[in-house]
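If you want the building blocks of each chain, they are given just below.
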Amino acid sequence: MSSERLTWAVPGIDLSALGLVSSAALFAPSCALSARAEALAEGAGRAWWRFPLPGTSDARGNLTGRPGALGTGWLWLTVFRPAGWRAPLVARFSAPRSASLAEREWNLLCYLRARGIGTPEPLLVGARGNGPFARHSFLLVRALEDAFPLPRYLRTDGVGAERERTLRALGLALQLLARAGVELPEFSAEHLWLTPSGSGECETETPGPRKNKLPGVALASVAGGRFTSDPPEVTLARHEARLLRTLAPGLEPRELAALVAQLRTTAPGPRALALE
């Protein structure tokens, strides 16, 4: 196995599209990523950063350079560092079998996107290390634009008619997750990001068709995820329990009950989602 490997989602792209000449800053983030790079958070064995693609406008809308092959916008970088052997062993010997923690999340994102579940767009995954498992790795995705975590969305945009649309969109998204057969032990309401529907200005009392677009829903994190082969009735029960805990603070009891009822009316596929 090579000591370093980089896998791009789009063939023909190289590090110059990120404004970089080496992968060093992706494995060990610093201001070398960009003058506007931001450290978002750090946890046991991983760190999260945000930085813009070359040419991305600044906060005042001023152009900052010439865009590259990937266009403009912001990126999320997750860096995985050695932190014990349990997580690597789980990633290596449970589905989807992966040779690093970053590649594990890459595989899960691709799997979910193929099933119609919104996620950040994977761009690049990298790993370093010899042997069956690389303990240094990173995952680079496009940041979700014009979207907000569910708790914030419910406090700001999710009011009035938009709140009803939000609940419908959540129900449909959770139905897709219930069929996906992926267990997400670290799932929380903060991982559900919503894009405003933009429907309000189109609703009128006049007869005829009207636009009534639902908000977009995306799963921002698949941390710790894996495939599950538990029976559907078991995983759905665990899913409901997790929903009750993580979504309850931002929803009224009747709204939460409606979401759970919608899941129970969904005929599960071969496997169902477990979020516990």
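Definitions and limits used
- Residues numbered from 1 in each chain as written.
- Predicted model: local features only at pLDDT ≥ 70, side-chain atom pairs only at ≥ 80, totals over all residues.
- Heavy atoms only, no water.
- Phe/Tyr/Trp six-rings, centres within 6.5 Å; stacked < 30°, edge-to-face > 60°.
- Helix = DSSP H or I, 4+ residues; strand = E, 2+ residues; numbered from the N terminus.
- Buried < 20%, exposed > 50% of the residue type's maximum accessible area, 1.4 Å probe, protein only.
- Lys NZ or Arg CZ within 6 Å of the ring centre and 35° of its normal.
- pLDDT = per-residue confidence, 0-100.
- Contact = heavy atoms within 4.5 Å.
- Pairing = 2+ DSSP bridges.
- Axes fitted to C-alpha atoms, helices over the stretch in contact; angles between N-to-C directions.
- Expected span 1.5 Å × (residues − 1).
- Arc of directions from axis to C-beta.

### Here's the deal with the packing of aromatic side chains
A complete count under the given rule lists three aromatic pairs for this structure. Taking the centre distance of 4.9 Å and the plane angle of 85 degrees together, the rings of Phe-27 and Phe-138 count as edge-to-face. On the criterion of sequence distance, the pair formed by Phe-27 in helix 1 (residues 24–27) and Phe-138 in strand 6 (residues 136–142) is long-range, its members being 111 residues apart. One exposure class covers both Phe-27 and Phe-138, and it is buried. Taken together, a centroid distance of 4.5 Å and an interplanar angle of 50 degrees make the contact between Tyr-111 and Phe-227 tilted. On the criterion of sequence distance, the pair formed by Tyr-111 in helix 3 (residues 101–114) and Phe-227 in strand 11 (residues 226–227) is long-range, its members being 116 residues apart. Residue classification places Tyr-111 among the buried residues on the basis of a relative accessible area of 16%. Over the aromatic face of Trp-74 sits the side chain of Arg-50, whose NZ or CZ is 3.7 Å from the ring centroid. Lying over the aromatic face of Tyr-111, Arg-115 brings its terminal NZ or CZ to 3.6 Å of the ring centre.

### Looking at the confidence of the model for the protein
Summarising the model, the protein shows a mean pLDDT of 84, and 87% of its residues fall at 70 or more. Taken as a whole, residues 199–210 scores under 50 in pLDDT and shows 13 contacts with residues more than four places along the chain or in a different chain.

### Some details on the sheet that holds strand 7 (residues 148–149)
Taken together, the three strands give an open sheet; going across it, the order is 7-9-10, and neighbouring strands pair in antiparallel fashion. What marks the edges here is a single partner per strand, and that holds for strand 7 and strand 10 (216–219). The sheet contact formed by strand 9 (residues 192–195) and strand 10 spans four bridges and is antiparallel. Residue pairing across strands places Thr-195 opposite Gly-216, the latter belonging to strand 10. Against the sheet, helix 5 (residues 161–180) engages strand 9 and strand 10, with an angle of about 40 degrees to strand 10.

### Brief notes about helix 7 (residues 253–264)
Taking 1.5 Å per residue as the helical rise, helix 7 with its twelve residues ought to reach 16 Å, and the 17 Å between its terminal C-alpha atoms agrees with that figure. Where helix 7 is concerned, the buried positions are Glu-255, Leu-256, Leu-259, Val-260 and Leu-263. Taken around the axis of helix 7, the buried residues stretch over an arc of 135 degrees, which confines them to a single face. With respect to the buried face of helix 7, the exposed residues turned more than 90 degrees away are Pro-253, Arg-254 and Arg-264.

### Focus on the sheet that holds strand 1 (residues 4–8)
The strands that make up a sheet are held in pairs by hydrogen bonds between backbone atoms, and each pair lies either parallel or antiparallel. Spatial ordering of the open sheet is given by 1-5-6-4-3-2, a layout of six strands whose pairing is antiparallel. Here the strands that pair on one side only, and so sit at the sheet edges, are strand 1 and strand 2 (38–43). Averaged over all pairs of adjacent strands, the angle between strand axes in this sheet comes to 15 degrees, irrespective of strand direction. Bridge count between strand 3 (residues 46–52) and strand 4 (residues 74–80): seven bridges; the pairing is antiparallel. By the bridge assignment, Ala-47 is partnered in strand 4 with Val-79. Packing of helix 3 onto the sheet brings it into contact with strand 1, strand 3, strand 4, strand 5 (122–128) and strand 6, and relative to strand 5 it is tilted by some 155 degrees.

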